[in-house]
Amino acid sequence: MSAVRTESNDDLCYHCGTANPAGGHWRAILDGSERCFCCAGCMAIAQTIRAAGLMGFYAQRNRLAERPGSADDYATYDAAGDAAGWIAHVDADLREASLLLEGIQCAACVWLNEEYLKRQPGVVAVAVNFATRRAQVRWDSRVTRLSEVLRAIAAIGYRAYPYDPARREALAGRESKALLTRTAVALLSMMQVMMFAVPAYISVDGVEPQFQELLGWASLVLTLPVVFYSAAPFFRGALRDVILGHFGMNVPVALGVGGAFVASGWATLNGSGAVYYDSVTMFVALLLCARYVELRAQQRAGEALEAVAPELPATAERLTRYPAELTCDVIAAAALVADDLVRIASGAIVPADGEVVEGRSSVEEAVLTGESWPRAKEPGDRVLAGSINRDSPLIVRVHKAGASTALAQIARLAERAVNQRPRVAQLADRAAAGFVTSLLVIALVTGLAWWIIDPDHALTAVFAVLVVSCPCALSLATPAALSAAVGALGRRRILVVRGRALEALTRVHHIVFDKTGTLTTGQIRLIDVVPLGRRGRDHCVALASTLEQGSAHPIARAMPLRKSTAPAEAISSHPGSGVEGIIAGRRYRFGRPQWVAELHGTPLPDCAHNVIAAATPAALADDSGWLAWFTFGDALRPGVPTMIGELRRRGIRVSLLSGDRTATAECIARLAGIEDVHGELRPEDKQAFITELQARGSAVGMVGDGINDAASLAQADVSLSFSSAADLARWSSDIILLGDDVIRIADALDIARRTRLVIMQNIAWALVYNAVAIPLAALGMLTPLIATLGMSASSLLVVANALRLARGDPRTATRERQAETLVDVLEGTASSR
């Protein structure tokens, strides 16, 4: 390879596609061909890519690269990375960081960054998310540093920074603002131009020539900003597509808009001929609206990684002189490092993974494990970031913080699964490219043929082919049906948040459910009270409620708000056991039956042997004996057994996966009517279960609600969650159910299957229409006006067919749903005693 500065007539830079300087430019021989560049930076980047053996980047990309920016002082990131929490310590030598990449424009950019970084010394793993522009990079600190990783990215023409939500939001804001401005200009011009076109549409005798000329010039002036400003991205995209030899949808759009505008301008200048200013402005405005919706959807997908932030505290109380002193310094939670000692107050969120060194308490880990009950913690026990300390203060030694915590790992699992593009999207991309190429070939052949037969008719025929075969009906076939279906689902309080969800739902053979918060309500409640002494039920409830007053434990929150006539004194909380206090001079205990029995030494009552696995018992006693037996449980959502039965009648297999105890999960599964049940699973176990089903050929749906379900939701072919689910679970879901009516899962499946039928009908019509209309236009039997009317009629027919979905299924009537809950079962058990 050689490079020299020389004079040439080549116009565009091989790397970035911008115009080369008039006075000269740089040349380099790459793979035996001479390439021209606008600057030494672009040439150096291309040489770097060539030296790494990654020239396939230039063949795969569908957009041109950006020009390299100025180099930053990357060495500063090495010193600041640990202090600011940018660098996660995976183990003694491995480090990991999240980077925000600027300049990512297409899938080829993602491929280039991943392949190039993987070949750098010391880099262990790289994963780039195109939707979020976020790269996860892991490296060996003995071989390389963060600054070297950043320099390597800069060497191939991109810019990288430690991931910062504020910077990401600023970039997203600039993109949205620019596109929204273009859309607003197009919409305003469209409305005014359409107003000028109304007289020609409604007039019987036509518009007076002088007024028609005035309206034509006014429409031309208003269309200029639409074509040269609002539609500029389409023209730039078409130019890049032509340079790269990759014909995307920008090419026919640019040809249609440009051709219609030029023809209309020529007609206005000559004072005769048809004008299409209204069509041009409307076409551009609607396309920009679609682009804006797509951009916002992409940005919302990126926000999924930020949704986990509220689960972690912003600050932490670090002990600097423990055990000599218990004074705390309040620092940023992101600044915690291994071996730091932190104090976690009662009711506070644990800021990092670690080990308890002092204190006893109950910690609620449902956010991570799915288990509905707090776990007792004592010195030596492990606590996880994101869990909640319910009872007493704890002192914890940090093991992992920031990006190294279990909570952060779950978020990364979700991101990794989301990065995998569905097969149907890849097939659609290839089909669209083939359709566009065929369309351009047909238009070219038509133009050449008419140039030989009748040159004056050539332009009209080509324009008619482009208009009549504009893939409006074909492109509307799927989105129109999906939009109507989404509206029908919305009226049933089912929110579709990803377009692929309905298509994927029609292929589902197996649906996997989480337990806590999904099949059950996720709220602990008092199920039954059995008096065991001379005191009545209400009196016993009042005593227990008085003892639990002021506690944040789930049992305390489930107790009715009743108080005894005398206040409680000397109340003490015993994590993992219960509460103890003195009321009216008598000592009482309320909590775990075995611990309560130690107060009076009496054996457990007979009802202690009839507790089912899904229930949690608690006992009330004084120093003379048992007073009452309390039963608490998590209620099954109303309609769950009915919904499971409906799914089975539709040929769907059902499984239950839970992080809770196996016995508890099996009990809930029996009540719901589910035979395949798996308990005590970690988040990665749930994801592995779904992956195994997919490997056996099943299309899998997942219904979950917790952060621990996020990876599984993202891994599934289609995922559903409730509106009350954790933020990350909702962002990982394709469909969100508003409210608690689980029978809507079966409704969503029915509408998805009807939608698929309508889509097939629409596609069949679009193909038949194009097969008939294109030959007629190519033969000169259709004028551009008739072609425009035919295209509009075809599109309207497709939309009308799709709107049948919006009317809903008339056979669907209001159904009486049986509210079968765990409460009913437990109350039946209690009455049988």
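Below, the discussion takes up the overall build of the protein chain. Within the protein chain, the regular secondary structure consists of 28 helices and 30 strands. Put simply, the protein chain has 833 residues, and 48% of those count as buried. Partitioning the contacts of the protein chain with sequence separation of at least 6, the portion at a separation of at least 24 is 67%. Summed over its atoms, the accessible surface of the protein chain is roughly 37800 Å², and 57% of this surface lies on carbon and sulfur atoms.

Before going further, it helps to spend a moment on the packing of aromatic side chains. Applying the stated criterion to the full structure yields 4 aromatic pairs. Aromatic pair phenylalanine 228 and phenylalanine 261: ring centres 6.0 Å apart, planes at 85 degrees, arrangement edge-to-face. Note that phenylalanine 228 is positioned in helix 7 (residues 209-230) and phenylalanine 261 in helix 9 (residues 250-270), a separation of 33 residues in sequence. On the basis of relative accessible area, phenylalanine 228 is assigned to the exposed category, the value being 60%. With 6.5 Å between their ring centres and 10 degrees between their planes, phenylalanine 630 and phenylalanine 632 make a pair best called stacked. Judged by its relative accessible area of 0%, phenylalanine 632 falls in the buried class.

Moving on, we get to the pairing of strand 25 (residues 625-636). When you tally the buried positions in strand 25, you get 12 out of 12 residues, the bulk of the element. Sheet topology places strand 20 (residues 520-531) next to strand 25; 8 bridges connect them, and they run antiparallel. Looking at the pairing, aspartate 528 lines up with threonine 631 of strand 25. With 8 bridges connecting them, strand 24 (residues 615-622) and strand 25 associate as antiparallel partners.

Another aspect to go through is the nonpolar core. In this structure, Phe513, Met643, Leu647 and Ile735 are the most contacted members of the largest nonpolar core, which totals 40 residues. Ranked by the residues each element gives to this core, the list is headed by helix 26 (residues 744-778), at 6 residues. Discounting chain neighbours no more than four positions away, the residues touching phenylalanine 513 are Thr518, Leu519, Met643, Ile644, Leu647, Val654, Ser655, Leu656, Leu657, Val703 and Ile745.

The next subject is the pattern of salt bridges. Where charged atoms from two side chains of opposite charge approach closely, those side chains can pair. Within the structure shown, the criterion is met by 21 salt bridges. Residues aspartate 340 and arginine 318 are paired through a salt bridge, measuring 3.6 Å at the closest nitrogen-oxygen approach. Taken together, the residues span a long stretch of sequence, with aspartate 340 in the loop between strand 10 (328-332) and strand 11 (341-344) and arginine 318 in strand 9 (residues 315-319) at a distance of 22 residues. Take arginine 318: its relative accessible area is 24%, and that puts it in the partly exposed class. Taking the shortest distance from any N to any O, the salt bridge between glutamate 646 and arginine 650 comes out at 2.6 Å. What you see here is one network of salt bridges that share partners, running through Glu580, Arg587, Arg589 and Glu598.

Our next topic: a nonpolar patch on the surface. On the surface, a nonpolar cluster with roughly 650 Å² of combined accessible area is contributed by Trp765, Val768, Val772, Leu776, Leu779, Met781 and Leu797. Here the nonpolar patch takes 4 residues from helix 26, the largest share from any one element. Assessed through its relative accessible area of 31%, leucine 776 is described here as partly exposed.

Take the sheet that holds strand 18 (residues 494-496) next. Read across the sheet, 7 strands follow the order 18-30-29-28-19-26-27 without closing on themselves; strand pairing throughout is mixed. Each having just a single partner strand, strand 18 and strand 27 (676-678) make up the two edges of the open sheet. Each strand axis lies, on average, 20 degrees off the axis of its neighbour in the sheet, ignoring direction. Pairing analysis gives 3 bridges linking strand 18 to strand 30 (residues 735-737), with the strands arranged antiparallel. Along strand 30, the bridge assignment pairs isoleucine 494 with leucine 737.

Our next topic: the environment of glutamate 96. Within the element layout of this structure, glutamate 96 appears in strand 5 (residues 94-102). Separated by 42 residues in sequence, glutamate 96 and arginine 138 place their C-alpha atoms 4.2 Å apart. Here arginine 138 takes part through its side chain, which lies 2.9 Å from a polar atom of the side chain of glutamate 96.

The next point concerns helix 9. Between its terminal C-alpha atoms helix 9 stretches 30 Å, which fits the 30 Å expected from 21 residues at 1.5 Å a residue. Positive phi appears at glycine 271, one or two residues downstream of helix 9, with a value of about 80 degrees.

All right, on to the packing of helix 7 against helix 9 then. Closest axis-to-axis distance for the helix 7/helix 9 pair is 11 Å, and the angle between their directions is 155 degrees. If you check the angle between helix 7 and helix 9, you find them roughly antiparallel. As helix 7 packs across helix 9, the resulting crossing turns out to be left-handed. Of helix 9, the residues touching helix 7 (which contributes Gly216, Trp217, Leu220, Thr223, Leu224, Val227 and Phe228) are Val257, Phe261, Thr268 and Leu269. Looking at side-chain class alone, the contact of helix 7 with helix 9 contains 8 nonpolar, 3 polar and no charged residues.

Here we come to helix 23 (residues 683-695). Between its first and last C-alpha atoms helix 23 spans 19 Å; for 13 residues at 1.5 Å apiece the expected length is 18 Å, and the two agree. All of the buried residues along helix 23 are Pro683, Lys686, Gln687, Phe689, Ile690 and Leu693. Looking straight down helix 23, one finds that the buried residues subtend no more than 155 degrees of arc, so they occupy a single side. Phi turns positive, to about 100 degrees, at glycine 697, one or two residues after helix 23.

Our focus in this paragraph is the sheet that holds strand 14 (residues 375-377). Through backbone hydrogen bonds, the strands of a sheet pair up, either in parallel or in antiparallel fashion. In spatial order, the strands read 14-13-16; together these 3 strands make up an open sheet with antiparallel pairing. For this open sheet the edge positions go to strand 14 and strand 16 (388-389), each flanked by a neighbour on one side alone. Here 3 bridges tie strand 13 (residues 361-364) to strand 14, and the two strands are oriented antiparallel to one another. Bridge pairing links serine 361 to lysine 377 in strand 14.

One can describe the packing of helix 21 (residues 640-649) onto helix 26 by two numbers: an axis separation of 8 Å at closest approach and a directional angle of 25 degrees. By the criterion of interaxial angle, the relationship of helix 21 to helix 26 is roughly parallel. Here Met643, Glu646 and Leu647 of helix 21 lie close against helix 26, whose contacting residues are Ile745, Ala746 and Leu749. Along the lines of polarity and charge, the residues of the contact of helix 21 with helix 26 split into 5 nonpolar, no polar and 1 charged.

Calculation notes
Residues numbered from 1 in each chain as written. Predicted model: local features only at pLDDT ≥ 70, side-chain atom pairs only at ≥ 80, totals over all residues. Heavy atoms only, no water. Helix = DSSP H or I, 4+ residues; strand = E, 2+ residues; numbered from the N terminus. Buried < 20%, exposed > 50% of the residue type's maximum accessible area, 1.4 Å probe, protein only. Contact = heavy atoms within 4.5 Å. Areas by Shrake-Rupley, 256 points an atom, 1.4 Å probe, with all protein chains shown as cover. Phe/Tyr/Trp six-rings, centres within 6.5 Å; stacked < 30°, edge-to-face > 60°. Pairing = 2+ DSSP bridges. Core = buried A, V, L, I, M, F, W, Y, C linked by side-chain atoms within 4.5 Å. Salt bridge = Lys/Arg side-chain N within 4 Å of Asp/Glu carboxyl O. Patch = residues over 30% accessible without salt bridge, like charges linked within 9 Å, V, L, I, M, F, W, Y side chains within 5 Å. Axes fitted to C-alpha atoms, helices over the stretch in contact; angles between N-to-C directions. Polar contact = N/O pair within 3.5 Å; in protein donor to acceptor, adjacent residues only side chain to side chain. Expected span 1.5 Å × (residues − 1). Parallel < 35°, antiparallel > 145°, perpendicular 65-115°, else oblique. Left-handed = near helix turned anticlockwise from the far one by under 90°. Nonpolar A, V, L, I, M, F, W, Y, C, P; charged D, E, K, R; others polar. Arc of directions from axis to C-beta.

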